Amino acid sequence: MRFPLPHPDPSSAPRRGPRGQRPGPGGGPGGRRGHGRPGGWQQGDLPAADDAPQWFAGRLPDGWFDDLEVTVDREEITVLGALGGIDPESDAAEAEGRISRFRAETREQRMAVADEAQARYGRTVSWGARVGDTRALFTHLAVPVMTRLRQPERTVLDTLVDAGVARSRSDALAWCVRLVGDHAESWLGELREAMTEVDKLRTKGPEL
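Treat the numbers as computed from the prediction; the structure is a model and nothing was measured. (Residues numbered from 1 in each chain as written. Predicted model: local features only at pLDDT ≥ 70, side-chain atom pairs only at ≥ 80, totals over all residues. Heavy atoms only, no water.)

Now for the packing of helix α2 (residues 92-105) against helix α3 (residues 107-121). Where α2 meets α3, the axes come as close as 5 Å, and the angle between the chain directions of the two elements is 65°. Along its contact with α2, which presents Phe 102, Arg 103, Ala 104 and Glu 105, the element α3 presents Arg 107, Gln 109 and Arg 110. The residue makeup of the contact of α2 with α3, split by class, is two nonpolar, one polar and four charged. (Axes fitted to C-alpha atoms, helices over the stretch in contact; angles between N-to-C directions. Helix = DSSP H or I, 4+ residues; strand = E, 2+ residues; numbered from the N terminus. Contact = heavy atoms within 4.5 Å. Nonpolar A, V, L, I, M, F, W, Y, C, P; charged D, E, K, R; others polar.)

Structural data, given as structure tokens:
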């Protein structure tokens, strides 16, 4: 599987919020949390994005994608599609060329869709495309996450760095997160579903 290096793409760069301010964490303007929740995963004031896959499926032009993956978190919506009408068995060089052409030809349309989605969901939109096993994510967010680790946890990260698995502690931490995600996807999925139900109950409130 080949992953072409991302290049700057105006259609996926962070867009300005109300009154020309840049979105802060959680999509809020000017570096404030804005739509973001005050803490933890309980972000009741962040616009719901449960229907984002359906919205993009209905909004995107026919023929762009044969299959669509929409991934949502607190800051970003990533739209990754299998290019329509292209043999998934195409060799890697042809696939990369097809993806590059799609990226160039659809830039303005993607920017317009991203603006609509950001207004609706309060999150930055990033794009990607794939042909078979060849995929490319156009420029997307890298969000810093601060944490405090005790010596045993730091030792794990330093071991990964010393062994050449990671280039730095932050790279090692990202590697660990990916590893957990790969091996606990089923459990994480159940956890997300449970949190979604709690959010719905919190939004609904008691009937008085």
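Turning our eyes to something else, we now look at the sheet that holds strand β3 (residues 124-131). On the basis of which strands lie adjacent, the open sheet formed by four strands has the order β1-β2-β3-β4 and mixed pairing. The open sheet has two edge strands, β1 (65-72) and β4 (134-137), and neither has a second partner. Pairwise comparison of adjacent strand axes, ignoring direction, gives a mean angle of 20° for this sheet. Where β1 meets strand β2 (residues 76-83), seven bridges bridge the pair, whose relative direction is antiparallel. Paired with Val 70 across the bridge in β2 is Val 79. (Pairing = 2+ DSSP bridges.)

Further remarks concern the pairing of β4. Burial of β4 is one-sided: the residues Thr 134 and Ala 136 facing one way are buried, the residues Arg 135 and Leu 137 facing the other way are not. In the sheet, β3 pairs with β4 via four bridges, with the strands oriented antiparallel. The partner of Gly 128 across the bridge, within β4, is Leu 137. Hairpin remark: β3 followed by β4, antiparallel, with two residues in the connecting loop; positive phi at Gly 132, about 60°. (Buried < 20%, exposed > 50% of the residue type's maximum accessible area, 1.4 Å probe, protein only.)

By the definition in use, this model includes seven aromatic pairs. On the numbers, 6.1 Å between centres and 75° between planes, the contact of Trp 64 with Phe 65 is edge-to-face. Neither Trp 64 nor Phe 65 differs from the other in exposure class; each is buried. Each ring, one from Phe 65 and one from Phe 102, has its centre 5.3 Å from the other, and the planes form 55°; the classification is tilted. Placement of Phe 65 in strand β1 and of Phe 102 in helix α2 is noted, with a sequence separation of 37 residues between them. Here the two residues Phe 65 and Phe 102 agree in accessibility, since each one is buried. Among the aromatic residues, those joined into a ring-pair cluster are Trp 55, Phe 56, Trp 64, Phe 65, Phe 102, Tyr 121 and Trp 127. (Phe/Tyr/Trp six-rings, centres within 6.5 Å; stacked < 30°, edge-to-face > 60°.)

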